[in-house]
Amino acid sequence: SFQQDLKMVDLSGRDMSGLYLRACNLLRANLKGTNLDGANLNGAYLAWAYLGAATLKGADLGDADLAGAGLEGADLSGANLSGTNLTRADLTGVKLEGARYDHRTAWPEGFEPHNGGA
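Computed from a predicted structure; not experimentally measured.

Caption draft 1: Fine view of the pattern of salt bridges. On inspection of all chains with the given rule, the structure shows 5 salt bridges. For Lys-57, the salt bridge is made with Asp-75, and the minimal N-O distance between the two is 3.9 Å. Of the residues examined, Lys-57 reaches a relative accessible area of 37% and is grouped as partly exposed. A salt bridge links Asp-102 to Arg-104; the shortest N-O distance between them is 3.2 Å. In this structure Asp-102 comes out as partly exposed when scored by relative accessible area, which is 24%. Residue classification places Arg-104 among the partly exposed positions, given a relative accessible area of 43%. The structure contains a network of salt bridges with shared partners spanning Asp-37, Lys-57 and Asp-75.

Spelled out as structure tokens, the structure:
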């Protein structure tokens, strides 16, 4: 069960830094250019959400589902990606400096996080 249902919401360009969005349903949400620095998105459902050019520095995306999400040019520096599902996500130009991930993190096919991506 989701804490909040925000599916398909348009929050593009908003300042949502530090917000508590744990286990939110953000299916297909438009988060283009949104500031989510330090936000708690642990366990959030972000499948097919658009996060192009969003900043998620230090955000907690642990166990979040970002399958098919558009993350082109997003800044995930220092983010927690432990157990995060990123299958079929577009990680073109994503910044991952200092991001934490583990054996449960599911990357897009052919993506190698340690060398900056395919």
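After that view, the rundown keeps rolling.
Caption draft 2: Spatial organisation of unusual backbone geometry. Non-glycine residue Ala-23 carries a positive phi angle of around 60 degrees. Residue Ala-23 is classed as buried on the basis of its relative accessible area, which comes to 18%. Phi is positive for Arg-88, which is not a glycine, with a value near 65 degrees.

Caption draft 3: Representation of the packing of aromatic side chains in the model. In this structure the tally under the stated criterion is 2 aromatic pairs. Ring plane angle 90 degrees and centroid distance 5.1 Å describe the contact between Tyr-101 and Trp-107, whose orientation is recorded as edge-to-face. Relative accessible area serves as the criterion here: at 16%, Trp-107 is assigned to the buried category. Measuring from centroid to centroid gives 5.3 Å for Trp-107 and Phe-111, while their planes differ by 25 degrees, and the two rings are stacked. Judged by relative accessible area, which is 11%, Phe-111 ranks as buried.

Caption draft 4: Spotlight on the environment of Asn-25. Accessibility expressed as a relative area gives 7% for Asn-25, which makes it buried. For the pair formed by Asn-25 and Val-9, sequence separation is 16 residues and the distance between their alpha carbons is 9.9 Å. Discounting residues that sit within four places of it in the chain, Asn-25 has contacts with Phe-2, Gln-4, Asp-5, Leu-6, Lys-7 and Tyr-45. At 3.4 Å, the side chain of Asn-25 forms a polar contact with the side chain of Asp-5. Among the polar contacts made by the side chain of Asn-25, one reaches the main-chain amide nitrogen of Leu-27 at a distance of 3.1 Å.

Criteria and cut-off values
- Residues numbered from 1 in each chain as written.
- Predicted model: local features only at pLDDT ≥ 70, side-chain atom pairs only at ≥ 80, totals over all residues.
- Heavy atoms only, no water.
- Salt bridge = Lys/Arg side-chain N within 4 Å of Asp/Glu carboxyl O.
- Buried < 20%, exposed > 50% of the residue type's maximum accessible area, 1.4 Å probe, protein only.
- Phe/Tyr/Trp six-rings, centres within 6.5 Å; stacked < 30°, edge-to-face > 60°.
- Contact = heavy atoms within 4.5 Å.
- Polar contact = N/O pair within 3.5 Å; in protein donor to acceptor, adjacent residues only side chain to side chain.

Structural measurements only, silent on function.
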